[in-house]
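These are the residues of each chain, in order.
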Amino acid sequence: MKVLACDGIDPAAVKRIRDAGHEVVEAKGLAAPDLIIALKGVHGLMVRSATKVTAEVLAATPDLRVVVRAGTGLDNVDRAAAEARGVVVRNTPNANSVSVAEITFALLLGLERHVASAGSDLRAGRWEKTKYQGREVCGRMLGIVGFGRIGREVATRARAFGMNVIAFDPLLKSPPAGFDWVKIADYDTVLRECDVLTLHVPLTDSTKHSLSTREFGLMKPDAVLVNASRGGVVDEAALHAALTTGKLRAAATDVFEKEPAPADHPLLSLPNLLAMPHLGASTSEAQKRAGLDAADALLEVLAGAQTI
Ligand code: NAD
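Residues numbered from 1 in each chain as written. Predicted model: local features only at pLDDT ≥ 70, side-chain atom pairs only at ≥ 80, totals over all residues. Heavy atoms only, no water.

(A) Region of interest: the overall build of the protein chain. A count of helices and strands for the protein chain gives 11 helices and 12 strands. In terms of overall dimensions, the protein chain is globule-like: its C-alpha atoms have a radius of gyration of 21 Å, near the 19 Å expected for 308 residues. By its C-alpha atoms, the protein chain is 65 × 50 × 30 Å across when sized along the principal axes. Counting the 308 residues in the protein chain, one finds 48% classified as buried. Counting only contacts in the protein chain whose residues sit at least 6 apart along the sequence, the fraction spanning at least 24 positions is 61%. Looking at the protein chain, you have 36 positive and 36 negative side-chain charges, and the mean spots of the two groups are 2 Å apart. (Helix = DSSP H or I, 4+ residues; strand = E, 2+ residues; numbered from the N terminus. Rg over C-alpha atoms; globule rule 2.2 N^0.38 Å. Buried < 20%, exposed > 50% of the residue type's maximum accessible area, 1.4 Å probe, protein only. Contact = heavy atoms within 4.5 Å. Lys, Arg positive; Asp, Glu negative; His and termini not counted. Charge placed at Lys NZ, Arg CZ, Asp CG, Glu CD.)

Below, the structure is given as structure tokens:
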């Protein structure tokens with residue numbers, strides 16, 4: 001069968017599909033109508049985040065059996081349109097968890113120790129010692145919103161740093177197995193009690209702007225926020241107001257409501273905001289894992305399609 005691998009799928013994944021006897025065409029930067037042309041006669045499509053698999057694309061590709069996103073979210077795949085056409089949609093939910101947990105700590109420690117600003121001052125010839133006094137994370141209360149795969153990886157690392165952990169997840173009334181040292185509480189209690197708040201929820205109707213003016217009002221003014229979940233979970237205008245009026249000491253974010261964020265985005269001019277361009281899953285380990293998990297998912301579906 002024929003497979004189109006878009007967006008720079010890991011070479012090991014492409015090899016695994018070829019070794020299983022399928023023809024693989026690799027492509028980058030395709031959008032409709034070129035994507036529709038490239039999908040002629042294609043049974044399996046693999047994407048990362050750049051390729052947009054829209055209802056228009058799906059309606060014009062009758063041979064397609066499966067779309068696999070090498071990554072966690074399915075924001076760039078119109079899942080409902082695919083499933084209505086009998087196209088199976090898969091993702092690789094486990095591949096990125098460690099990388100996102102690690103970037104959460106990169107953001108937190110980078111924020112609290114002024115890594116980016118002290119480093120750029122040094123490059124500009126300024127050896128600043130007193131300006132950049134930091135804060136330890138040890139002994140502080142980490143509030144985790146969303147205690148799924150990534151939230152739990154973050155909790156494990158927080159414990160190693162000597163942090164205490166309080167978490168909210170609507171699916172949990174008590175700590176899951178192995179996490180009896182985590183206090184499970186309601187959302188407002190987590191907001192009130194935490195010194196550091198970290199978000200690990202998907203973007204849904206219920207999580208959109210779930211951190212806004214009311215919620216910042218509940219937090220300690222000395223608290224900091226880390227967001228490596230999805231842009232849109234945080235109300236960016238409310239975050240800007242909280243950071244400029246002293247309601248929140250500082251924040252670090254890997255994600256924006258509209259990506260790529262423009263250089264004149266109001267948050268990017270704030271000295272108490274550390275930002276990265278959505279790099280949570282961008283490690284060689286996560287990309288390889290995502291590619292191989294995606295290849296396995298694709299091969300499983302194509303094997304089923306071949307026997308029909
Ligand atoms: P997961 O499904 O394992 O966990 C998400 C958890 O959030 C679930 O336990 C769910 O019950 C909980 N949840 C849902 N709605 C909630 C709410 N309103 N309040 C509190 N909790 C709620 O997902 P995961 O693998 O842990 O990933 C979490 C999120 O991380 C993803 O949805 C994605 O948005 C984000 N992510 C970001 C990057 C990045 O590059 N920065 C990479 C991968 C994933």
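(B) Focus on the nonpolar core. In terms of nonpolar packing, the biggest core is built from 29 residues, with Leu108, Leu142, Ile144, Phe147 and Met163 touching the most fellow members. For this core, the secondary structure elements donating two or more residues are helix H5 (97-112), strand S6 (141-145), helix H7 (149-160), strand S7 (164-168), strand S10 (224-227) and strand S11 (250-253). At 7 residues, the largest contribution of residues to this core is made by H5. Once residues within four sequence positions are removed from consideration, Leu108 is found in contact with Val137, Met163, Val196, Val224 and Val226. Counting residues in each nonpolar core, the second largest holds 28 residues, with Ile166, Leu191, Leu267 and Leu273 among its members. (Core = buried A, V, L, I, M, F, W, Y, C linked by side-chain atoms within 4.5 Å.)

(C) Molecular detail of the pattern of salt bridges. In this structure the tally under the stated criterion is 18 salt bridges. The partner of Asp121 in a salt bridge is Arg126, and the shortest N-O contact between them spans 2.8 Å. Look at Asp121 and you get buried, because its relative accessible area is 7%. Put simply, Glu112, Arg135, Arg140, Asp222 and Arg249 are held in one network by salt bridges that share partners. (Salt bridge = Lys/Arg side-chain N within 4 Å of Asp/Glu carboxyl O.)

(D) Structural context of the sheet that holds strand S1 (residues 2-6). With parallel pairing, the 5 strands of this open sheet are ordered in space as S2-S1-S3-S4-S5. Every other strand in the sheet has two partners, leaving strand S2 (23-27) and strand S5 (88-90) as the edge strands with one partner each. Each strand of the sheet is rotated relative to its neighbour by a mean of 15 degrees, with strand direction disregarded. When S1 meets S2, the two strands line up parallel, connected through 5 bridges. In the strand pairing of S2, Ala5 is matched with Glu26. Against the sheet, helix H1 (residues 11-19) touches S1, S2 and strand S3 (44-47), its axis set at about 155 degrees to S2. (Pairing = 2+ DSSP bridges. Axes fitted to C-alpha atoms, helices over the stretch in contact; angles between N-to-C directions.)

(E) Examining the side chain of Asn227 more closely. Checked against the element boundaries, Asn227 lands in strand S10. On the basis of relative accessibility, which here comes to 3%, the residue Asn227 falls in the buried class. Within polar-contact distance, the side chain of Asn227 engages the side chain of Ser229 at 2.6 Å. Excluding its chain neighbours within four sequence positions, the residues that come into contact with Asn227 are Leu199, Val234, Ala252, Thr253, Asp254 and Val255. (Polar contact = N/O pair within 3.5 Å; in protein donor to acceptor, adjacent residues only side chain to side chain.)

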